[in-house]
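The residues making up each chain are set out below.
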Amino acid sequence: MYDNWEELEDSIQNCNKCKLCKNRINIVFGVGNRKADIMMIGEGPGADEDKQGIPFVGKAGQLMNKAFDGLGIDRGKIYIANIVKCRPPANRVPEEDEAEACLDYLRNQVILVKPKIIVLLGSTALKNILGKEYGITATRGNWIERKGIWYMPTWHPAALLRDETKKIEFWKDLKQVVIKYDEMKNND
Ligand code: URA
């Protein structure tokens, strides 16, 4: 574990801990406020993210931005990262060994950011962070507290592109995040 961002970023530069390194254009490390109270964790970069080196800049990210705008969440004030930092081929779900190899980077990011709330975007984020026993359909929309951090699992924004009905639930889940965050600030 590194206690500063520079060393952590340096350590990932030539990462070849898993096979996803072979086809990557860019490592998609993370973006946003490194002192954010709210952190979002996705699955892994898609084609646009791989090209630009920034998480959630493609279609799913644009949809997520619309929800942020509607709910008054400032993307610049939160921190966004993924379970894996390199694009899985054809956007498949990261394999267990790939997630395993990459998770220490994310754990280190969480330690450095020290968020109060973590939004888990989709099943891959949920299972890798809170445990394989959790299912996204049953868990989304419900707060889970671990070691002082409040986790809100919700749909991955790409799921909303496939199924419009999930948009309302996604919105409701993010609304809960806004409400809880406001409560936390008022109690500070
Ligand atoms: N999907 C993800 O899970 N992460 C991204 O950065 C982009 C799409």
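Rules behind the numbers
- Residues numbered from 1 in each chain as written.
- Predicted model: local features only at pLDDT ≥ 70, side-chain atom pairs only at ≥ 80, totals over all residues.
- Heavy atoms only, no water.
- Axes fitted to C-alpha atoms, helices over the stretch in contact; angles between N-to-C directions.
- Helix = DSSP H or I, 4+ residues; strand = E, 2+ residues; numbered from the N terminus.
- Parallel < 35°, antiparallel > 145°, perpendicular 65-115°, else oblique.
- Left-handed = near helix turned anticlockwise from the far one by under 90°.
- Contact = heavy atoms within 4.5 Å.
- Nonpolar A, V, L, I, M, F, W, Y, C, P; charged D, E, K, R; others polar.
- Salt bridge = Lys/Arg side-chain N within 4 Å of Asp/Glu carboxyl O.
- Buried < 20%, exposed > 50% of the residue type's maximum accessible area, 1.4 Å probe, protein only.

Draft legend 1. How the structure looks around the packing of helix 3 (residues 59–71) against helix 8 (residues 166–187). Orientation of helix 3 relative to helix 8, taken along the N-to-C sense of each, is 50 degrees, at an axis distance of 10 Å. Between helix 3 and helix 8, the angle falls in the class oblique. Like other packed secondary-structure pairs, helix 3 and helix 8 cross with a definite hand, here right-handed. Between helix 3 and helix 8, the contacting residues are L63, M64, A67, F68, G70 and L71 on the first element and K167, F170, W171, L174, K175 and V178 on the second. Among the residues forming the contact of helix 3 with helix 8, the class breakdown is nine nonpolar, one polar and two charged.

Draft legend 2. Broad picture of the pattern of salt bridges. Under the criterion given, the structure shown has 13 salt bridges. A salt bridge links K19 to E95, with the shortest nitrogen-to-oxygen separation between them at 2.9 Å. Separated by 76 residues along the polypeptide, K19 in the loop between helix 1 (5–12) and strand 1 (31–32) and E95 in the loop between strand 3 (79–82) and helix 4 (96–113) bring together distant segments of the chain. Accessibility expressed as a relative area gives 35% for K19, which makes it partly exposed. Among the charged side chains, a salt-bridge network with shared partners connects K19, R92, E95, D97 and E98.

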